[in-house]
Amino acid sequence: MSENRLPNKKRGSTSMPRARIGALVMTLYLVFLLVPIYWLIIMSFKSNSEILSAFTLFPDNFTLKNYSTILTDPSWYMGYVNSFIYVSLNTVISLLVALPAAYAFSRYRFFGDNHLFFWLLTNRMAPPAVFALPFFQLYSSVSLFDTHIAVALAHCLFNVPLAVWILEGFMRGVPREIDETAFIDGYGFTRFFTKIFIPMIAPGIGVTAFFCFMFSWVELLLSRTLTSVDAKPITAIMTRTVSASGLDWGVLAAAGVLTIIPGAIVIYFVRNHIAKGFALGRV
Amino acid sequence: MEKTVNQRAWLLVLPVLVLVAFSSIIPMMTVVNYSFQDSFGENIFFWVGLEWYQELLRSERLWDALGRQLLFSFIILMIEIPLGILVALSMPKKGISASICLVLMSLPLLIPYNVVGTIWQVFGRADIGLLGRILSDLGISYNYSQNAFDAWVTVIIMDVWHWTSLVALLAYAGLRSIPKPYYQAAMIDQASRWSVFRYIELPKMRGVLMIAILLRFMDSFMIYTEPFVLTGGGPGNATTFLSIDLVKMALGQFDLGPAAAFSLMYFLVILLISYVFYTVMITIDKDEAKQ
């Protein structure tokens with residue numbers, strides 16, 4: 001890469017190696033991201049009165065009470081289980097239906113393809129507030145109210161279009177010659193798709209899975225509308241920290257810290273798919 | 001790379017169509033239905049035609065909120081897209097440091113919206129929050145709940161904090177899927193860093209960037225929970241964005257008609273802007289494909 005730096009030096013624009021600038025940008029960005037999260041974490045170890053009374057960089061009276069409130073009460077911790085069930089269902093369903101569709105959009109022309117492609121995305125464009133009631137009526141009428149699958153299906157409304165769009169972008173980057181060579185070599189469509197094509201777009205699938213998980217995990221309005229007890233998500237349960245006596249900041253912070261963990265595990269598992277570019281010409 | 005015409009591709013798309021249409025068409029038609037009617041509770045509805053729409057178009061409050069919303073989304077895009085690309089370019093390419101960066105970067109994305117608002121609500125307070133404390137120690141008067149400008153700055157920084165990683169992750173995945181030979185060819189040509197970015201990386205990232213821009217536009221245009229938790233739309237109406245206005249209307253008047261009409265007009269604005277952007281991007285794509 002040293003050849004690349006020569007012209008830069010001539011112009012005198014920079015004398016620092018590029019890798020060092022990159023590390024600097026990255027460090028500053030991560031500090032910017034993590035300082036508020038640090039604040040969330042120390043809040044979760046403070047009592048409510050300490051949060052509101054004084055400015056402390058570290059909890060004076062370190063307490064685990066906020067966490068024990070959540071982890072000993074089934075009506076709290078079942079929220080995490082419920083959220084995890086419908087989010088996983090949603091991610092699997094979204095990927096399963098979006099993969100073939102994204103392939104069709106990236107490879108073929110067919111009647112109404114461009115309109116359909118854009119229509120998919122329009123489902124993310126409606127402000128959800130007023131749609132809550134019709135959603136409730138719809139899912140009650142097919143007797144799915146307060147089930148995990150209801151929330152998973154409802155979240156498909158915004159996750160499937162997203163999955164199709166992201167995957168299509170990655171698939172378009174795969175040269176068509178790879179498909180053609182595979183078909184000439186005698187691969188059937190299904191075998192080609194699962195054995196050759198899917199491994200090639202693994203980074204795209206990793207990113208898509210993460211985004212589906214993430215958007216479904218933090219969504220509040222639809223999941224709250226479609227559940228009452230059995231499938232109530234953690235984001236909805238969290239709103240109960242607002243009571244007559246004001247907000248219980250400590251418990252809310254602890255609940256917030258706990259909601260980050262599952263997603264962080266997911267991103268840890270898909271990180272290699274995101275980081276690894278696909279090797280061109282593997283066929 | 002001309003695509004081949006194949007009507008059987010519809011079979012591959014059909015599951016998506018059925019699944020999305022199930023949750024999309026019936027609720028949408030119900031809202032359309034509300035928007036032309038007046039309700040007096042107890043499921044009694046009166047047909048009022050376009051009355052709600054006419055009333056809304058005359059409402060100054062709505063135009064103010066729309067103006068604020070457009071400005072907000074514009075600022076958000078102007079900050080988050082370049083910053084996201086910069087972060088993606090700066091990220092380590094592989095190894096443990098890349099993994100750590102990816103996990104840490106995605107943390108803000110995983111925090112529920114109401115908690116995001118709460119974090120910044122505390123974080124920005126001068127008496128108990130780090131940001132507010134530092135600013136007041138520096139002698140900068142800062143109070144997001146009293147001063148409209150401070151409230152705006154806080155909402156924008158909060159959104160940049162929350163969502164820039166989304167742009168960065170998409171751009172990073174786009175960068176990683178650029179085949180090595182492109183870079184090798186650039187090295188042989190002694191291309192400068194800028195021209196590698198301008199002529200290789202940026203065109204190859206166009207697909208993911210289009211998604212990133214559309215997503216950030218739509219979501220920032222519908223932002224609700226975070227500013228609502230932070231400031232409740234205040235001070236005054238300073239951070240009353242469209243959706244905050246919409247919910248105020250829906251809850252305040254116990255009448256679905258005007259709120260439904262508002263939702264649909266809101267939807268149409270997002271649709272129109274996204275469609276124009278999408279069409280422009282597709283046209284650029286086609287022009288470049290011809291060359």
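From a predicted model like this one, the values you see are computed outputs, not experimental measurements.

A. How the structure looks around the overall build of chain B. In terms of regular secondary structure, chain B is built from 13 helices and 3 strands. By residue count, 55% of the 291 residues in chain B fall in the buried class. Across chain B, the mean location of the 19 positive side-chain charges is 13 Å away from that of the 21 negative side-chain charges.

B. Seen up close, the domain arrangement of chain A. All names here are of chain A. Parsing chain A into structural domains produces domain 1 (2-44) and domain 2 (66-280). Between domain 1 and domain 2, the residue contacts involve 4 residues of the former and 9 residues of the latter. Taking both sides of the interface into account, the surface hidden between domain 1 and domain 2 amounts to around 490 Å²; carbon and sulfur atoms contribute 75%. A per-residue breakdown of the area domain 1 buries against domain 2 is headed by Leu40, Met43 and Ser44, which together make up 87% of the total. At the junction of domain 1 with domain 2, the criterion picks out 0 salt bridges. One can count 2 residue pairs in polar contact (both at pLDDT 80 or more) joining domain 1 with domain 2. Among the residues forming the side of domain 1 that touches domain 2, the class breakdown is 3 nonpolar, 1 polar and no charged.

C. Layout of the interface of chain A and chain B. Between chain A and chain B, the residue contacts involve 105 residues of the former and 103 residues of the latter. Contact between chain A and chain B buries roughly 9500 Å² in total, counting both sides, with carbon and sulfur atoms accounting for 79%. When the buried area of chain A at its contact with chain B is split by residue, Phe55(A), Met125(A) and Val130(A) rank highest and sum to 7% of it. Taken together, the links from chain A to chain B amount to 1 salt bridge. Across the salt bridge formed by Asp219(B) and Arg124(A), the nearest N and O atoms sit 3.6 Å from each other. Put simply, chain A and chain B have 9 residue pairs in polar contact (both at pLDDT 80 or more) between them. Examining the composition of the side of chain A that touches chain B, we find that 15 residues originate from one element, helix α2 (residues 18-44) of chain A, more than from any other. Here the residues of the side of chain A that touches chain B sort into 81 nonpolar, 15 polar and 9 charged. Where strand β1 (residues 108-109) of chain A meets strand β1 (residues 4-5) of chain B, 2 bridges bridge the pair, whose relative direction is parallel. Among the inter-strand pairings, Tyr108(A) is bridged to a residue of β1(B), identified as Thr4(B).

D. Inspection of the packing of helix α5 (residues 113-123) of chain B against helix α7 (residues 148-176) of chain B at higher detail. Residues and elements named next belong to chain B. Interaxial distance between α5 and α7 falls to 11 Å at its minimum, and their mutual angle equals 135°. Of the possible angle classes, the one that applies to α5 and α7 is oblique. Judged by the twist between their axes, the crossing of α5 over α7 is right-handed. Contacts between α5 and α7 involve Tyr113, Val116, Gly117, Ile119 and Trp120 on the former and, on the latter, Ile157, Met158, Trp161, His162 and Trp163. In terms of residue class, the contact of α5 with α7 is made up of 8 nonpolar, 2 polar and no charged.

E. Representation of the packing of helix α4 (residues 96-106) of chain B against α7(B) in the model. Residue and element names in this part refer to chain B. Where α4 meets α7, the closest approach of the two axes is 9 Å, and the angle between their N-to-C directions is 145°. Crossing angle aside, the handedness with which α4 passes α7 is left-handed. Between α4 and α7, the residues in contact are Ala98, Leu102, Met105 and Ser106 and Ser165, Ala168, Leu169 and Tyr172, respectively. Of the residues in the contact of α4 with α7, the class split is 6 nonpolar, 2 polar and no charged.

F. Here's a closer look at the nonpolar core. Counting residues in each nonpolar core, the largest one holds 192 residues, and the members touching the most others are Val164(A), Phe211(A) and Met105(B). Among the elements that make up this core, the one with the highest residue count is helix α8 (residues 148-172) of chain A (17 residues). Residue-level mapping places this core at the junction of two domains, with at least three residues from each of domain 1 (2-44) and domain 2 (66-280) of chain A. Val164(A) has contacts with Ala98(A), Ala101(A), Ala102(A), Phe105(A), Phe117(A), Leu120(A) and Val16(B), leaving out every residue within four places of it along the chain.

G. Seen up close, the packing of aromatic side chains. Here the structure, examined in full by the defined rule, presents 41 aromatic pairs over all chains. Taking 5.6 Å as the distance between ring centres and 40° as the angle between the ring planes, the aromatic pair formed by Phe105(A) and Phe110(A) counts as tilted. Just as Phe105(A) is buried, Phe110(A) falls in that class too. Seen in terms of ring centroids, Phe192(A) and Phe197(A) are 5.7 Å apart; in terms of plane orientation they differ by 45°. Their pairing is tilted. The buried category is assigned to Phe192(A), whose relative accessible area is 0%. Residue Phe197(A) is classed as buried on the basis of its relative accessible area of 0%. An aromatic cluster is defined as three or more aromatic residues linked by ring pairs; in this entry it consists of Phe105(A), Phe110(A), Phe117(A), Phe118(A), Trp165(A), Trp10(B), Tyr275(B) and Tyr278(B). Lys46(A) extends its terminal NZ or CZ atom over the ring of Trp39(A), reaching a point 5.5 Å from the ring centre. Over the ring of Phe215(A) we find Arg124(A); its NZ or CZ atom is 4.6 Å from the centre of that ring.

H. Up close: a nonpolar patch on the surface. Residue and element names in this part refer to chain A. On the surface, Leu71, Tyr77, Met78, Val81, Ile85, Leu89 and Ile149 cluster together into a nonpolar patch covering about 530 Å² of accessible area. Within the secondary structure layout, Ile85 lies in helix α5 (residues 74-107). For Ile85, a relative accessible area of 35% translates into the label partly exposed.

I. Region of interest: the confidence of the model for chain B. Residues and elements named next belong to chain B. With 96% of its residues at a pLDDT of 70 or more, chain B has an overall mean of 85. Ranking the elements of chain B by mean pLDDT puts strand β3 (residues 45-47) last, at 73, and helix α3 (residues 60-90) first, at 92. On the interface metric, ipTM, the complex scores 0.85, and its pTM is 0.85.

J. Main features of helix α6 (residues 113-122) of chain A. Of all 10 residues that make up α6(A), 7 are buried, and the element is covered over most of its length. Asp113(A), Leu116(A), Phe117(A), Phe118(A), Leu120(A), Leu121(A) and Thr122(A) are the residues of α6(A) that are buried. Contact partners of the buried residues in α6(A): α5, β1 and α8 of chain A together with α1 (9-35), α10 (206-221) and α13 (256-290) of chain B.

K. Local environment of the side chain of Ser243(B). Of note, Ser243(B) is situated in helix α12 (residues 242-253). Each residue touching Ser243(B), except ones within four places of it in the same chain, is listed here: Gln69(B), Met222(B), Ile223(B), Tyr224(B) and Tyr266(B).

L. Up close: the state of the cysteines. Per the counting criterion, the structure on display carries 0 disulfides over all chains. The thiol sulfur of Cys156(A) is not disulfide-bonded, and the nearest other cysteine sulfur, from Cys212(A), lies at 8.3 Å.

Definitions and limits used
- Residues numbered from 1 in each chain as written.
- Chains lettered and ligands numbered in written order.
- Predicted model: local features only at pLDDT ≥ 70, side-chain atom pairs only at ≥ 80, totals over all residues.
- Heavy atoms only, no water.
- Helix = DSSP H or I, 4+ residues; strand = E, 2+ residues; numbered from the N terminus.
- Buried < 20%, exposed > 50% of the residue type's maximum accessible area, 1.4 Å probe, protein only.
- Lys, Arg positive; Asp, Glu negative; His and termini not counted.
- Charge placed at Lys NZ, Arg CZ, Asp CG, Glu CD.
- Domains from an automatic or database assignment.
- Contact = heavy atoms within 4.5 Å.
- Buried area = accessible area lost by both parts, 1.4 Å probe.
- Salt bridge = Lys/Arg side-chain N within 4 Å of Asp/Glu carboxyl O.
- Polar contact = N/O pair within 3.5 Å; in protein donor to acceptor, adjacent residues only side chain to side chain.
- Nonpolar A, V, L, I, M, F, W, Y, C, P; charged D, E, K, R; others polar.
- Pairing = 2+ DSSP bridges.
- Axes fitted to C-alpha atoms, helices over the stretch in contact; angles between N-to-C directions.
- Parallel < 35°, antiparallel > 145°, perpendicular 65-115°, else oblique.
- Left-handed = near helix turned anticlockwise from the far one by under 90°.
- Core = buried A, V, L, I, M, F, W, Y, C linked by side-chain atoms within 4.5 Å.
- Phe/Tyr/Trp six-rings, centres within 6.5 Å; stacked < 30°, edge-to-face > 60°.
- Lys NZ or Arg CZ within 6 Å of the ring centre and 35° of its normal.
- Patch = residues over 30% accessible without salt bridge, like charges linked within 9 Å, V, L, I, M, F, W, Y side chains within 5 Å.
- Areas by Shrake-Rupley, 256 points an atom, 1.4 Å probe, with all protein chains shown as cover.
- pLDDT = per-residue confidence, 0-100.
- Disulfide = S-S within 2.5 Å.

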